[in-house]
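# Working through the structure, step by step
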Amino acid sequence: MPTQNSAEIIPGMTLPEPRLLDTNGRVHSMEVRNVHKTFGDFRVLQGLNLNFVDDAITTILGPSGTGKSVMIKHLVGLLAPDAGEVLIFGRDIWKISERERYEIRKRFGVLFQDGALFGSMNIYDNTAFPLRKHTDMSESEISDIVLERLTEVGLEKSLTKYPSEVSGGMRKRAGFARALVLNPDIVLFDEPDSGLDPVRTSLLNDLILEMHSRHKGTYMLVTHDIRTARKVSDYVGVIWKGKVVHYGEAEEAFNSDNPFVRQFLSGESAGPLGMD
Ligand SMILES: Nc1ncnc2c1ncn2[C@@H]1O[C@H](COP(=O)(O)OP(=O)(O)OP(=O)(O)O)[C@@H](O)[C@H]1O
Ligand SMILES: [Mg+2]
């Protein structure tokens, strides 16, 4: 395997210039600029640049261990970069107060792997949790929202079940409902399809598309499943060794003649991408 960084070994690679304003002069919801992160002597993020398109679904693909989950933690303010900027609604979340960061975090919905539900709460209470924590709504107002969201994801008959009593797919749908209760502007999914069979994956993808078209928002989804990426993406970013090696419209990514992108998106073992 080459020892240089990926930017130097992939010929013809083009990356979008970071822009804060879109063509309508609006501030972008979410952007990372030249973010670096090292753990010990392991450089995970090595100059990550991504400017997410508002109200679109961007899928992030990339080999295991390449820094995708670490990027999500930077976006939600759980990890601070060593260098670079994480801009949410045009503000660098590491140059504002803890209080302001907390306020910004409320505008995110995050679906962690396996739904990350609280094991000690039933599906209803799990879904109500962000509303009880972050708003002063009455229980009856909360109930309206929770029931609406849980009905949208098909869990209206499982309100009193605990996470351990439902299937993996149901836990993901509950996590998705919970991620949407605060009407987030930004929704992040870390491998929503992992551990699901192909039919459930496909159903969850339909649900993501349906909820996105109903509620809008800037969606970012990390996945290893090329079929998921093909189905839901408006834009595709490919990360390798802590850098973006491809970013563009989904159709363009799937038709790319860049050997790395081709290898990764077709899941072939032959190509520039090795195991290290
Ligand atoms: N808090 C941490 N402390 C030390 N190392 C970490 C920490 N978080 C992540 N890493 C390391 O950073 C690297 C990237 O991890 P990350 O979880 O972002 O990979 P990933 O691209 O999400 O992989 P996968 O596709 O397998 O989920 C891994 O080698 C991981 O061990
Ligand atoms: Mg991960």
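Here is a short report on the structure shown in this document. (Residues numbered from 1 in each chain as written. Chains lettered and ligands numbered in written order. Predicted model: local features only at pLDDT ≥ 70, side-chain atom pairs only at ≥ 80, totals over all residues. Heavy atoms only, no water.)

### Brief notes about the overall build of the chain
Our working rule: For helices the rule is a DSSP run of H or I covering at least 4 residues; for strands it is a run of E covering at least 2, with both sets numbered from the N terminus onward. We call a residue buried when its accessible area falls under 20% of the maximum for its residue type, exposed when it is over 50%, and partly exposed in between, using a 1.4 Å probe and counting protein chains only. Contact definition: two residues touch when any of their heavy atoms are within 4.5 Å. The Shrake-Rupley method, run with a 1.4 Å probe, gives the accessible areas here. Residue values count only the displayed protein chains as cover.
Along the backbone of the chain there are ten helices and ten strands. Considering the chain as a whole, with its 276 residues, one finds that 50% of them fall into the buried category. Considering only residue pairs separated by 6 or more positions, the chain has 64% of its internal contacts joining residues 24 or more positions apart. Accessible surface for the chain amounts to roughly 13,000 Å². Of this, 50% is attributable to carbon and sulfur atoms.

### What to know about the site of ligand 1
Quick reminder of the rule: The criterion for a residue being near a molecule or strand is simple. One of its heavy atoms has to lie within 4 Å of it. Polar contact is the term for a pair of N or O atoms within 3.5 Å; when the atoms are in protein, one must be able to donate a hydrogen and the other to accept it, and sequence-neighboring residues count only if both atoms are side-chain atoms.
The full set close to ligand 1 counts 13 residues, and Ser-64, Gly-65, Lys-68, Val-70 and His-224 are the nearest of them. Within the backbone of Val-70, an N or O atom sits 2.9 Å from an oxygen atom of ligand 1. A distance of 3.2 Å is found between an oxygen atom of ligand 1 and a side-chain nitrogen or oxygen belonging to Glu-191. Relative to its unbound accessible surface of 640 Å², ligand 1 loses 61% to contact with the protein.

### Looking at the sheet that holds strand β2 (residues 42-51)
Two strands in a sheet stick together by hydrogen bonds in their backbones, pointing the same way (parallel) or opposite ways (antiparallel). Note the threshold: Here, any two strands with at least 2 DSSP bridges between them count as paired.
Taken together, four strands build an open sheet; the order of strands is β2-β1-β4-β5 and the sheet is antiparallel. Bordering the open sheet on either side are β2 and β5 (91-92), each of which pairs with just one other strand. Summarising the sheet, strand β4 (residues 83-88) and β5 pair through two bridges and their orientation is antiparallel. Within β5, the residue paired with Leu-87 across the bridge is Asp-92.

### Remarks on the packing of aromatic side chains
Note the following rule: Stacked, tilted and edge-to-face are the three classes assigned to paired rings of Phe, Tyr and Trp, where Trp is represented by its six-membered ring and a pair needs centres within 6.5 Å; plane angles under 30 degrees give stacked, over 60 edge-to-face, the rest tilted. A ring is considered to have a charge above it if a Lys NZ or an Arg CZ atom is located within 6 Å of its centre and within 35 degrees of its normal.
The full count for this structure, using the stated rule, is four aromatic pairs. Aromatic side chains Phe-176 and Phe-189 sit 5.2 Å apart centroid to centroid with 65° between the ring planes, which places their arrangement in the edge-to-face category. Within this pair, whereas Phe-176 is found in helix α6 (residues 168-180), its partner Phe-189 is found in strand β7 (residues 186-190), the two being separated by 13 residues in sequence. A connected cluster of aromatic rings, assembled from ring pairs, spans Phe-176, Phe-189 and Tyr-219. One cation-aromatic arrangement involves Arg-107 over Phe-89; the distance from NZ or CZ to the ring centre is 4.0 Å.

### Details of a negative patch on the surface
The condition that has to hold: Only residues whose relative accessible area exceeds 30% and that take part in no salt bridge are eligible for patches, with like-charged residues grouped when within 9 Å of each other and nonpolar side chains (Val, Leu, Ile, Met, Phe, Trp, Tyr) grouped when within 5 Å. The salt bridge criterion pairs a side-chain nitrogen of Lys or Arg with a carboxyl oxygen of Asp or Glu, the two atoms within 4 Å. The charge count includes Lys and Arg as positive and Asp and Glu as negative, but it does not include His or the ends of the chains. To locate a charge, take NZ of a lysine, CZ of an arginine, CG of an aspartate or CD of a glutamate.
A cluster of like negative charges, contributed by Asp-234, Glu-249, Glu-251 and Glu-252, occupies part of the molecular surface. With respect to the helices, strands and loops of the structure, Glu-251 is situated in helix α9 (residues 250-254). For Glu-251, a relative accessible area of 63% corresponds to the exposed category.

### What to know about unusual backbone geometry
Of note, Glu-191 is a non-glycine position whose phi angle comes to about 50°, a positive value. Note on placement: Glu-191 falls in the loop between β7 and α7 (198-215). Under the relative-accessibility criterion, Glu-191 is labelled buried at 14%. Its identity is not glycine, yet Lys-241 carries a phi of approximately 50°, on the positive side. For Lys-241, the position within the fold is in the loop between β9 (235-240) and β10 (243-249). Exposure remark for Lys-241: the relative accessible area of 27% places this residue in the partly exposed category.

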